[in-house]
Structures are given as C-alpha cells and as structure tokens.
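Understanding the architecture of this molecule
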Amino acid sequence: MFLRTVYFFRRLQATSRRAKALRCFATTTELEPIVLRPYQESCLQACLDAFENGVRRIGVSLPTGSGKTTVFVSLISRLPPRGGHEGANRALIIVNSIELARQSASQVERMFPDMSVEIEQGVKHKASGKADVTVATYQTLLRPERLYKFDPTFLKAIVVDEAHHAAAPSYRRILGHFDPAVSTEITVPPSAEECLSSIPIIGFSATFGRHDGLSLGTVFERIVYHRDFLQMIKDKWLCDVRFTSVRARMNLSQVTINTRTGDFNASSLAHVVNTDTVNTLIVQSWLDRASTRKSTLVFCVNLVHVRDLTNAFRTAGVDARYLHSGTPVIERKALLDCFRRGDFPVLVNCAILTEGADIPNIDCVVIARPTRSRNVFAQMIGRGMRLSPQTAKTDCRIIDFVDSHSRVSGIISMPTLFGLDIDEQIEDETLTSLEERAEKLNNDPVPEFRIQDVPEPTSITYIDYENPFSLVHQATGSPHVAKLSPFAWVACGGDIYVLECLGKGHIRIEPLPGNDIEKGQPAFHGHFTPTAAEGFHTFKVNPSKYAAFRRSRRILTAGNLNDAIRGCDTYAKEHVMNGIMLQGLFRTAKWRKLPPTDGQRKFIMKRWGGDKDNDDDGTPNELPIKTMTRGEAANILTRLKHGAQARYKKKMKDALKKASAMEEVMARRARQVVRVGPLSSHVDRDISSI
C-alpha cells in the first residue's frame, strides 16, 4: 500500500510538471511577435553594408538593455548562405556563461521557431555541430574535441557576445580555427581572396573597449555601429536614471593597481572598502535614499565583502541575499527567479551579474566597489537601465561611493562620467540635470585654477627654482624669500631655508612636523648651528670648505615663514655677526658680485658633473660657470650642503611618476572610447593570457 501511495504521488508530481511546462509553452507561443526598434534596424543595415563592402570582421557597440541578442539573432536570419553554397547556412554564437547561452538559445526559439538550436556547454550540453544555430561557451570550445565538431565549411557567421573579451588569447585560439587571420600564431597575412571568402565574425558588446591594453583591432576590422546608454536614455529606449554619490571615509591612495587590467586589486581594495564604517554607511545610504525600491542590486569587491555587507543589511532588518561564483547553478537560478519576482529587495553580488544579467525589474544599483574602469562602471549601472513596464518601474536609482579622503587619479564615478569633478555633490540628479551642470561648467568664464581648462600637454618643461644649479633669482632657490629679508637667505627645498653666516655657522629654518596651524600651533622653528671656531672672527669667504659644527641652538618657533625669517634676522644681527661683518650677509654685499673662487668652481663642477641634464638632441646643458658670481656660487654650495640636490631629485622623480600615471590614465580612457570606424591592431602591451 505504501509503495502504491508513493508511486501515485510521483505520477501526480510528474503530471504537474508537464502541465506547468505546457502552460509555459502556451504563454511563450502567445507572446506578441518582436518588432525591431528603429536603431536595431539601422544596426542591422550597417552590418549588411559592411559585409557588402568586403569587411568580414565587424564590431557592434550597444548598451545593456538595448536588445543585443535580438539584433544578432535577426542578423543571423538575414545573412545568406556563405559563398552561395546552400550547405554553408549554420551559425555559431560564442558566449561566456551558461546563462547567456540559455538566453540566446531561448531568443532564437522564440523569434524563429523553424530554426534548430543546440547548446554546447560542459557535460550536460553537447551539441551535434549540425544545428542551424549553436550557442557555445568559450570555455567549452577551448577543448579541441569540442571545437573541431564545428566544420568551418558549413558556417555562414560567428557571433561573439560580450566581444570586449575577444582580444584575449583564449578567444583568438577559438576564432583562429575558423579564420586564420585572427589566430595568435599567424605568420603570413591572408590574401584578398581568402579574406573575402572567410567566415563573417560579428562582435557585440555594451563596452566595446578594453582597459588592459589588448587591441580589439587584432580581431575586428572596424566598428560599424555604436550607440551609448546616455543617448538611449534620452530616446526613451532605456529607463530614466536618478544619481546619488555618497562621500565615504576611505583612503584609496595606497590600494595597489593590477598591472594587467589597470583596475584596483580586489584583495587590496577590500582592506579599504570592507570595513564596518563603510558597510554601515552603504546600508544607511540605501535606507535613506532607496528603501522603497523593490529590487536593488549591490556590487561588492570580493566574496568576504559580499558576506559582510549582506550581514550589515540583515542587521538593519533588510532581507538581503547574496550571489557569487561559488553559488551552485541550480541555487543561482532559483535565487535569480525569486529576485525577478520581487520576493526580496536586495541582492548582493561580486562580479557575477556584471555581464549578461537580464533582470529588467532592477530599480536600484548600489556600487559598493570603486573602479578605474569605465567599462566595468558602465556595465554595473547598466544592470538597472532596462525598461520594465510589467513591474511599473519608472526609473532606476544609482548610488555610488566616492573617496573623500584622498584624490586618486583614474577613478570612475558618476561625476567623472559626466565630465564633472569627483568632489561635485551629486544628490538625486537626473541625466538632464547632470548634463546641464556639465554644460554650465564648460560655458562658465574660465577660472585660472580650474584644472579642466588646462590643455593636454604634448611635452613637459620644468621651470623649477628648486634645482640647486639654477641661477634664477641669484640661485636663491625661491623668488619669494628675497621679499622677506635683505639678507642672502636661500631655499633648499621642502620649506627649508638657510642663511650662511660667513664662517661663523648657519641659521636654518624648517617646518615643524605634525603641527596644526589652525589650532594655533607654530609652523616653523629656527636654529643656529655655530662652527667649532665660533670665536674666530676673520672675514673669510670660502664656503666650499666644510667646517666642524657645534650643537645647534634653538632660536625661535613661529606661526609663519615671515615671522620666522624676521626673528632669525634679528638673532643674526644681535648674536652672530658684529659690526662691519654684518654687511656681508646682505644680498647686495660687494663680495657677492666678484667672480667665484677656484675652490667654488671645482666643487660645483664636481657635483654638477653627475647631475647633468640633457637637451632634446642628447648633448649636455652647459653650466654658466664663467658668468657666475661669487654670491651665486655661495648660494649653490649652501643649497648643496643642506640637501637641496637630493630633495630636488626626489621631487622630479615624484613629478615624473605622477605624469606617467596620468599619461597611463589618459591612454586607458582613450582605449575605452568607442567610435564607428576602423580599429587599430596595435597592442599597447604584451599580455600572455587571460
């Protein structure tokens, strides 16, 4: 009796599953036929025109939510058999996840029920290679036995979804099986006839650019169509967006950069972002600005951050769930189905839903991971821009978090996306209001301090008073110091100022480290360091000879440089120099106009010899030792003895490092700009594998 009961319930469950499947099939068949949007028709025509003109490998740039799958499925249906051979009428679609494979296969079945469709992925999905359309993951195609079942002779087109990955060696190994011109091992360029007879390769992506330097021109010949998400929002093909930027107390200046991708290293970034303070701020910001939203997608740094931020939401009483690369496929599908139905309000993830997630009901995106990649940023915010009239979605709230502690170059945020400064306050802004702010910024009278108004430099020329060998302003090292005192003070870099006391020692002013001027704490202190022969008063100007010094004596502390120099001048008059010897301290002293001594010349030439700058033609610049005065030589020697040369070299090294970093940022941003036209096949740097 028990066995019969079990058998009865199993039959009942099976019947229920079949009935449910039939209902789903009936619902699917009752869907209205898909009518292409005007821009989709324009895109298809651009692709067909390119093939007509002999271009075989093309790229299409369409934002998330624009219907890329619909476009490339329609394109496959419109392409004739290759070379006029009726047998060459199959198509291969290459994707990077099983979710995308299922989406693409489902769309083919819906749009063209007469076409046979198969999936090639892993152990569960093994295609015959003979279907009208096969959707395959690139990971599976990397196995030769899975790749070789697809005979190039019978293919009329290859579609690469998320085509910004296509320049990676893994993709090129696959594509090289069908078109030798794409292979990483090609040595002889194909002939014109071979190019015309090759299989068309069409790449589709929302972010048709790479930030890691690999050139997409090694795979695709040209971009034939481009439409960015801003224009799509204006044309009402994507939903309206409301932007909020939150300033978080996090210091990104010490976060390491991945040399391959140009973005932050996740483990290093997590140490700064995944803190109780920042996670609490993220949750509170969501509660204040988005708690009424039905479906919020949160992007985190790594798995630990996913777990901790999910717990922070739950602690605040929010039903938050999480998804990551280790989530089993069945559990992942069930979780996403629940999220689509609106069963819970917050889904936290890490890098899983950046690409290929078709969840139209998302009405809020929280970017809890800073990035230096415009592509990654655009992909994250694009998850919430799909239209969803079924869920009464009117717009999508985007909340991102910017570093309020330090200014790190290259960070992409909502302000920088619109050309605004990263410190701009962004609170409940729309696309229109942000564009108006950006336009007003560009049309306003140009303030001198605005860095946006400085043209991009083609070369860098330094006019630096801190160069110890510079004769600018009598080699004082700083033009302003001459306005503060009649004495021959020199600047030695790092806000250090020295007055040589003609064989009796020197007075040195330097900053007090760690003092807060706003709290009334002194900014500078001055010391007098006498020579061992302090009692010897013979007037002798030979600064090139080092003297033994006694212990330094503190003279004063002062709140600013002006007070420090005036106080030290008074000390020099009353306690160091006597009578006529005081005249030797003035910048206008007669001895300073005399030619330099032989000792000065030799010492300067010796130190300058290892620090020569070169002209553009490679010849050393000449130090004007012949026209130099004794006072200028004395100033140079003082600055050398007090570390000006080392500080100057460090400053120049830091300046060149910053210039190099900015150049890299600008180059990376340039690579991420998408334009219709030919693609360069130049590879910016060698990357062995991805």
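Criteria and cut-off values
Residues numbered from 1 in each chain as written. Predicted model: local features only at pLDDT ≥ 70, side-chain atom pairs only at ≥ 80, totals over all residues. Heavy atoms only, no water. Helix = DSSP H or I, 4+ residues; strand = E, 2+ residues; numbered from the N terminus. Buried < 20%, exposed > 50% of the residue type's maximum accessible area, 1.4 Å probe, protein only. Contact = heavy atoms within 4.5 Å. Axes fitted to C-alpha atoms, helices over the stretch in contact; angles between N-to-C directions. Parallel < 35°, antiparallel > 145°, perpendicular 65-115°, else oblique. Left-handed = near helix turned anticlockwise from the far one by under 90°. Nonpolar A, V, L, I, M, F, W, Y, C, P; charged D, E, K, R; others polar. Pairing = 2+ DSSP bridges. Salt bridge = Lys/Arg side-chain N within 4 Å of Asp/Glu carboxyl O. Phe/Tyr/Trp six-rings, centres within 6.5 Å; stacked < 30°, edge-to-face > 60°. Disulfide = S-S within 2.5 Å. Core = buried A, V, L, I, M, F, W, Y, C linked by side-chain atoms within 4.5 Å. 1 Å grid on protein atoms, 1.4 Å probe; cavity = no way out; pocket = protein on both sides within 12 Å on 5 of 7 lines; lining within 4 Å. Points joined across faces, edges and corners; volume = space filled by probe spheres on them.

What about the overall build of the protein?
A count of helical and extended segments in the protein gives 20 helices and 20 strands. In the protein, which comprises 690 residues, the share counted as buried stands at 48%.

Quick look at the environment of leucine 556
Residue position: leucine 556 is located in strand β19 (residues 553–558). Distance in space between the C-alpha atoms of leucine 556 and glycine 567 is 7.3 Å, their sequence separation being 11 residues. For leucine 556, the residues in contact, after removing those within four places along its chain, are Phe524, His525, Gly526, Ala564, Gly567 and Cys568.

Here we look at the packing of helix α11 (residues 276–290) against helix α12 (residues 303–315)
Packing of α11 against α12 brings their axes to within 9 Å, and their N-to-C directions diverge by 50 degrees. With respect to their mutual orientation, α11 and α12 come out oblique. Along this stretch, α11 crosses α12, giving a crossing that reads as right-handed. Counting all contacts with α11, which are made through Asn279, Ile282, Val283 and Trp286, the residues of α12 involved are His305, Asp308, Leu309, Ala312 and Phe313. Tallied by class, the residues present in the contact of α11 with α12 amount to 6 nonpolar, 2 polar and 1 charged.

Quick notes on the sheet that holds strand β3 (residues 117–120)
Judged by pairing direction, the sheet is mixed, and its 8 strands sit side by side in the order β3-β4-β2-β5-β6-β1-β7-β20 without closing on themselves. Only two strands of the sheet have a single neighbouring strand rather than two, namely β3 and β20 (677–678). Sheet topology places strand β2 (residues 90–95) next to strand β5 (residues 155–161); 5 bridges connect them, and they run parallel. Across the sheet, residue isoleucine 93 finds its bridge partner in β5, namely valine 159.

A closer look at the pairing of β5
In terms of burial, β5 is largely enclosed, as 7 of its 7 residues are buried. Of the strand pairs in this sheet, β5 and strand β6 (residues 201–205) are connected by 4 bridges, and their pairing is parallel. Looking across to β6, one finds that aspartate 161 is bridged to phenylalanine 204.

Description of the sheet that holds strand β13 (residues 395–403)
Spatially, β10-β11-β9-β12-β13-β8-β14 is the arrangement adopted by the 7 strands of the open sheet, whose pairing is mixed. Each end of this open sheet is capped by a strand with a single partner; those strands are β10 (320–323) and β14 (429–430). Summarising the sheet, strand β8 (residues 240–248) and β13 pair through 9 bridges and their orientation is parallel. The residue of β13 that forms the bridge with alanine 248 is aspartate 403.

Quick look at the pattern of salt bridges
For the structure shown, the criterion picks out 20 salt bridges. Residues aspartate 263 and arginine 369 are paired through a salt bridge, measuring 3.3 Å at the closest nitrogen-oxygen approach. With a gap of 106 residues between them, aspartate 263 in the loop between β8 and α10 (266–273) and arginine 369 in the loop between β12 (364–367) and α14 (374–382) connect regions that are remote in the sequence. Overall, aspartate 263 belongs to the buried group, its relative accessible area being 7%.

Comments concerning the packing of aromatic side chains
As enumerated under the stated definition, the model contains 7 aromatic pairs in all. For the ring pair phenylalanine 528 and tyrosine 571, a centre distance of 6.0 Å and an interplane angle of 55 degrees mean the geometry is tilted. You can see phenylalanine 528 sitting in strand β18 (residues 524–530) and its partner tyrosine 571 sitting in helix α17 (residues 561–576), a full 43 residues away along the chain. One exposure class covers both phenylalanine 528 and tyrosine 571, and it is buried.

A short note on the state of the cysteines
Note: disulfide means a covalent bond formed between the sulfur atoms of two cysteine side chains. Applying the stated criterion to the full structure yields 0 disulfides. Considering cysteine sulfurs only, cysteine 396 is the nearest to cysteine 239, which forms no disulfide, with 5.4 Å between them. Residue cysteine 239 is classed as buried on the basis of its relative accessible area of 4%. In this structure cysteine 568 is a free cysteine whose sulfur lies 9.6 Å from that of cysteine 501, the closest cysteine sulfur available.

Here's the deal with the environment of valine 366
Turning to its location among the elements, valine 366 is positioned in strand β12. Taking relative accessible area as the criterion, valine 366 reaches 1% and is therefore assigned buried. When the C-alpha positions of valine 366 and tryptophan 286 are compared, they lie 8.0 Å apart, and in sequence the two are 80 residues distant. Every residue in contact with valine 366, bar those within four places of it in the chain, is listed here: Ile282, Trp286, Thr296, Leu297, Val298, Phe299, Ile399 and Phe401.

Observations regarding the nonpolar core
Val60, Ile202, Leu347 and Ile398 are the most contacted members of the largest nonpolar core, which has 73 residues in total. Ranked by the residues each element gives to this core, the list is headed by helix α2 (residues 38–52), at 7 residues. Every residue in contact with valine 60, bar those within four places of it in the chain, is listed here: Cys43, Cys47, Ile202, Gly203, Phe204, Ser205, Phe208, Val224 and Tyr225. Among the nonpolar cores identified, the runner-up in size contains 32 residues, and Val278, Cys300, Ala320 and Cys350 belong to it.

Describing the packing of helix α3 (residues 68–78) against helix α4 (residues 98–111)
Close contact between α3 and α4 brings their axes to 10 Å; oriented N to C, the two are set at 55 degrees. By the angle between their directions, the pair α3 and α4 is classed as oblique. Handedness of the α3/α4 crossing: right-handed. Residue-level inspection shows Thr69, Thr70, Phe72, Val73 and Ser74 of α3 in contact with α4, the latter providing Ser104, Gln107, Val108 and Met111. Residue classes in the contact of α3 with α4 are distributed as 4 nonpolar, 5 polar and no charged.

Quick look at helix α7 (residues 169–178)
In terms of burial, α7 is largely enclosed, as 8 of its 10 residues are buried. Along α7, the positions that sit buried rather than exposed are Pro169, Ser170, Tyr171, Arg172, Ile174, Leu175, Gly176 and Phe178. Contacts made by the buried residues of α7 are with β2, α5 (138–141), α6 (144–147), β5 and β6.

Points about empty space enclosed by the protein
Applying the stated criterion across every chain yields a total of 2 cavities of 30 Å³ or more. Here the largest cavity defines a volume of roughly 70 Å³. Around the largest cavity sit 13 residues that line it, and Pro370, Thr371, Asp400, Phe401 and Ile412 are the ones nearest its centre. At 4 residues, the largest contribution of residues to the lining of the largest cavity is made by β13. Of the residues belonging to the lining of the largest cavity, the class tally is 8 nonpolar, 2 polar and 3 charged. For the second largest cavity, the calculated volume is near 30 Å³. Forming the walls of the second largest cavity are Ala248, Met250, Val273, Val278, Ile282, Ile367, Ala368, Pro370 and Phe401. When the residues that make up the lining of the second largest cavity are grouped by side-chain class, the tally is 9 nonpolar, no polar and no charged.

From the geometry alone we can't say anything about function, so treat these as descriptive.
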